Amino acid sequence: MGISRFAKAQPLEPVLKAFFSTKLGGEMSEAKGSACTLTRRGFLKTTGLAAGAAAVAGGAQPVLYALAADQKADESQSEEKVVPGRCYFGGCFSCNYNVTVRDGRAVKVSPDPDALFGRRPCLKGYSLPQWMYSNDRIKYPMKRAGERGENKWERITWEEAIQTITEKWKGYIEQYGGQSILVSTGSSGARFSVSGSMRLDNILQLTNIEMCADWAVYHGLHRVYGNPAPGTMTAPGNEPFEEDIFNTKTVFMWGNNLSEAYPQRWRYLVEAQEKGMRIVSIDPNETTMVARSDEWYTLRPGSDPALMLSMVQEIIAEDLQDVAYLKSDTVGPFLVRDDTKEFLRMSDLGVEPTEGPVNPMTGQPTTIDPPVVWDTSSGKEVSSTEAVDPELVGSWIIEGFKVTTAYSLMVESVQEYKPEAVADIIDMPAEDIRRLARLAVDGPVSHMFGLGSQAYDNGLQFGSALGLLLAVTGMVGKPGAGVQATAFIGLRNAAFLFPTGTFTTSIPVLQLPEVIQTGTFKNKDYPPAKSLWIKGSAFVGGRPDKNKIISDVIDKMEFIVCQDVAFTDSAVYADIVLPAAHYYEVEDIYGSTLSYHVQHGPKIVEPAFEAKPDLQIAKLLAEGLGLGQYFEGDDESWLREQLDTPALTAQGITLDALREKKNMRFMPGGVAYADGVYSTPTGKVEFYCEKPLPRVDLGLELDVAPERLPRFYPPYEAWPETEAMKKYPLILIPEHSRGRFHTGGFDGVWLNEIEPEPIVRMNIDDAKARGIEEGDYVEVYNDRGRGVAKARLCAGKRPGMMTYPKGFQGRQYKSGDLASLCSLRCEPFAVNASFGDTCVEVRKWEGGN
C-alpha cells in the first residue's frame, strides 16, 4: 500500500522511537500528585510527536505516519522480521496477513498471498500499526484528578490501581452483593482474552450489561431456521462465502453497502458479477454498491418486511413456490389446532410421548411427541415422522380438534400484502414488486443484508420475513443459495468460564436505566448499582441515547473502571483507567467470524508501556479480592484450558496445532442445511412459530399471537405521521465507513485524513430548503440530544433521510455528539437497539455549545 498521495508521509521508526522513549506527561510523570489534562496538544508537546497536525473538532489532531508497503527501510539501522499476523475487528473478516516488526515495534502490514482469509486486507487493516501507537493509546494506569468527565488525570502504579479497585469492590460486594457491580464487555485489544476474563465476572456474580446491538434480524432468522450455536449470530447460508458466491445466479443486497463496510467481501462479489452473477440492490439511497448493481429498487426506510411479504404473496399467487421443499423441510404440513394455535400432536390423539436423547444443556431427557399431518397417500392423519406424502393445504376436524395446515395459515396471512396494497406503503410500484418476486425464485439466489435494514423497531420482522421468503422459494440447502451473513460461533470452555458454578445476571442496556431507577428487574427487587467496569466496550457513545446513558447510568455510579487500548469516550468518565494490551501484543484464539474456523492470533510484539492482556488484569483483580486460586497459570495455560473441550480435542484442535496451521475448521464446510436438519424445536423450518420467545426474557407478559407468523408493522418513530416525525421530519441512520468499524478506529491517523471529522450526508433539496450548503457545519437535533457535523450534499440521498459514519468519539465533534440522538426504546421481542429508527431536524450551526 503506497502513500504517495500524502506529500508529508514519513517512515514510522523515528516517530515510534520518540513515542516509546518519552513519558506520558511532564508534571504528571514527575510528581505523582500533580494533575494533568490529557489533551491532544499537550500529548504532542510532552511526547515529542508533533509530526504534523490536522484540525479536528476545533482542536489539534497529531499525525503519525507508518512505513508504507512500497517504502524501503534502512536495514542497516534496524533489526527487521516479518511475522504472520491477524486483523481483528468484532464482526469483521479476521484477515490473515504479514506484519513487519522493526526494533520490537510493528511498523507495516502487507498481504499474505497464501492466507486462508482476507488475502487482500482493507484500509483499516493496513493502518493498524498507527492505531497501536496513536496518541490516544492508554500507556499507564491513571486515576481521575478532576471532576468526572473533565479529562484530568494522574498517573499511578498498577499496585495502587488494583488496590483502589479491589478495596472499593470488596465493600460493595459485602454490603450489596456482586450484582451491585455492572460490567460492560466489548472487543478490547484481544478478543478471546477479554471474553476469558468473564471468568472473574461469573465468580463474582456481577451484572452483565447486554449490548443489544444488531440482534433483531438474527433473532428473526433464528425463529424460522433455528440457531446451531445459541447465544451467537448465525444465518442459513453457505460457507466459505468466497467460494459459494460464484454458484449464485442473483444476489439480493438488502440495504447493504458492501463496498464501504466490507471491502474484503466486495471484491469477491464483483468477481462473481463479472462471471455472470446479477446484483440486485434494494436500498432507499444510492450508494457505491447501488452504482455497481445490475438493478436498483428504492423503497421507504423501514418497510423491507412488507416488501418481502408481498413477494411471498406474489410467488404463491403465481404458483412459483417450492412445494417439495415446503413439504419436506418446513412445518408447512403440520396441523395447527384452532383452539390453542399450537401444533396438533400425537399425544392429543392418545399416543404417549416417548423419551428422547438427553439435552446437553439441561442434562434431562427430551420428550418425543411428533406433530400430526394429513397424509395424502393414506387419506388420514399420521405422525409427521411417518407421513409418505403430507398434505400442504387444507383444514380438517380430527377427533374433535379443528385443524388447519401451517402453510394454509401462512398463505391466508400474506393476502393483505398484495403488490397493489403494499405499493403505497413501501413507496415502490407494484410491477417492481412482481419483478423482484420472480427474481427471488430464479435460483440459486443469495441474500445479503446490511444491518441498517433491520435497525428499526420492526427489525425482528425483517429477519422472520426473510426466513419465510427463503422457505417459500426453497433457497436453502443448495449451492449458491441462502443468506450470506456473519457467522459468530462462540468457542468457550464452560468449565473455564464458570469454575464456581455461578453466573452473571444479564440486563439489556435498553432496560438498564429503568432497573437503576426502580431497583427492580423482572418484577423483583434488584441490588443498587454502585460500580461500573467497562472492558473494551463503547458503553458511552456506542449505545443509543448517549445523554441518557450518562445521566441515568454513568452519573449514578459511585466508582467506574475502564480498561481499554485507547482513550475512548467511556474512559473519559472513569475514575480509574487501565491500559489493555492490543491484540498484536498477546497470543489469542478467536471464535470464528464469517467462517466456521478456530483462528489463531500470534503475539507479534511485547505490550507497549505498562499495558497488560485482559486476562492478566483479571488475575490481578482476582488476587486483590482474595480469589487468586482461580487464576493460577499464565496466558498460554489459559489458552490451552479454554481449548480443552471434547468437541475441539476430537478434531485435533489444540494450541500447538493452531500455532502451526493458523486456522482450523471445526464445522463441516460447504452447503448449510443440505441434510434438512434444522436447529428448531421441531427440526423443521418454522415459518409458523408455536411459541414465540423474546430474545431476552424481561419478565414481561407478552401477546405471542401476532408473532407466530411474519408480519409488518411500521417503525415506532421513523415513519410518516408519527408524532416524532411531525416534529422532526428527517430520518437519521448510522453507516459503516471504510475508515472505521463500529467505534473502532477513531484514532487512525491516515484514515482520519480521509474522514477528518464527523459528517452528515443529506439530500440536496432538503439542504436547500434549510439554507444549508455543501461544507456548512450543521446542528442535527431532536429531544434526546444534538450533534454538530459538516454537511455533505448528495443527489443520491433519499429525500427525508440523512446518514452519518459511525465511530467518532465525542471529543472529535465541534459540539454535541450524533450518538445522543437514537432512542433507548426496547421492542420486547427483539430487545434490540434500533439505531435507524431516529427522527431529527437540522439547521445551520451558528457556533457555541
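Residues numbered from 1 in each chain as written. Predicted model: local features only at pLDDT ≥ 70, side-chain atom pairs only at ≥ 80, totals over all residues. Heavy atoms only, no water.

A few words now on helix 19 (residues 459–473). Under the 1.5 Å per step criterion, the end-to-end length of helix 19 is 22 Å for 15 residues, consistent within 8% with the ideal 21 Å. Within helix 19, 15 of the 15 residues are buried, which leaves the element mostly enclosed by the surrounding structure. Of the residues trailing helix 19, Gly 474 is marked for its positive phi of about 70°. (Helix = DSSP H or I, 4+ residues; strand = E, 2+ residues; numbered from the N terminus. Expected span 1.5 Å × (residues − 1). Buried < 20%, exposed > 50% of the residue type's maximum accessible area, 1.4 Å probe, protein only.)

What follows concerns the packing of aromatic side chains. Within a pair of aromatic rings, the relevant descriptors are the distance that separates the centres and the angle that separates the planes. All chains considered together, the criterion is met by 20 aromatic pairs. Between Phe 252 and Trp 254 the ring centres are 6.1 Å apart and the planes differ by 20°, which places this aromatic pair in the stacked class. With a centroid separation of 5.1 Å and 15° between ring planes, the pair formed by Trp 374 and Trp 396 is classed as stacked. One end of the pair, Trp 374, is in strand 17 (residues 372–375); the other, Trp 396, is in strand 19 (residues 395–398), with 22 residues separating them in the sequence. Each member of the aromatic cluster is reached from another via a ring pair, and the members are Tyr 218, Phe 252, Trp 254, Phe 449 and Phe 462. For the cation-ring pair, Arg 199 lies above Phe 496, with the distance from its terminal atom to the ring centre recorded as 4.5 Å. (Phe/Tyr/Trp six-rings, centres within 6.5 Å; stacked < 30°, edge-to-face > 60°. Lys NZ or Arg CZ within 6 Å of the ring centre and 35° of its normal.)

Read across the open sheet, the 3 strands follow the order 4-5-6; overall the sheet is antiparallel. Each of the sheet's edge strands pairs with one partner strand only, and the pair in question is strand 4 (80–86) and strand 6 (105–111). Put simply, the sheet's adjacent strands are angled 35° from each other on average, direction ignored. Here 6 bridges tie strand 5 (residues 96–102) to strand 6, and the two strands are oriented antiparallel to one another. Bridged to Val 101 within strand 6 is Ala 106. (Pairing = 2+ DSSP bridges. Axes fitted to C-alpha atoms, helices over the stretch in contact; angles between N-to-C directions.)

Packing of helix 14 (residues 304–317) against helix 18 (residues 430–441) brings their axes to within 9 Å, and their N-to-C directions diverge by 70°. With respect to each other, helix 14 and helix 18 are oriented roughly perpendicular. On helix 18, the residues that touch Leu 307, Ser 310, Met 311, Glu 314 and Ile 315 of helix 14 are Ile 433, Arg 434, Leu 436, Ala 437, Arg 438, Ala 440 and Val 441. (Parallel < 35°, antiparallel > 145°, perpendicular 65-115°, else oblique. Contact = heavy atoms within 4.5 Å.)

With parallel pairing, the 5 strands of this open sheet are ordered in space as 13-12-11-21-22. The strands lining the two open edges of the sheet, one partner per strand, are strand 13 (295–297) and strand 22 (482–483). The sheet contact formed by strand 21 (residues 445–449) and strand 22 spans 2 bridges and is parallel. Bridge assignment links His 447 to a residue of strand 22, and that residue is Val 483. Along the sheet face, helix 19 touches strand 11 (250–254), strand 21 and strand 22 and points at about 175° away from the line of strand 21.

Two faces belong to every sheet, and in a regular strand the side chains alternate between them. The buried count for strand 36 (residues 801–805) comes to 5 of 5 residues, which makes it a mostly enclosed element. Neither face of strand 36 is exposed, since Met 801, Thr 803 and Pro 805 on one face and Met 802 and Tyr 804 on the opposite face are all buried. Note: strand 32 (residues 730–735) against strand 36, 5 bridges, orientation parallel. For Pro 734, the partnering residue across the bridge sits in strand 36 and is Tyr 804. When strand 33 (residues 759–763) meets strand 36, the two strands line up antiparallel, connected through 2 bridges. Bridging across to strand 36, Arg 761 finds its partner in Thr 803.

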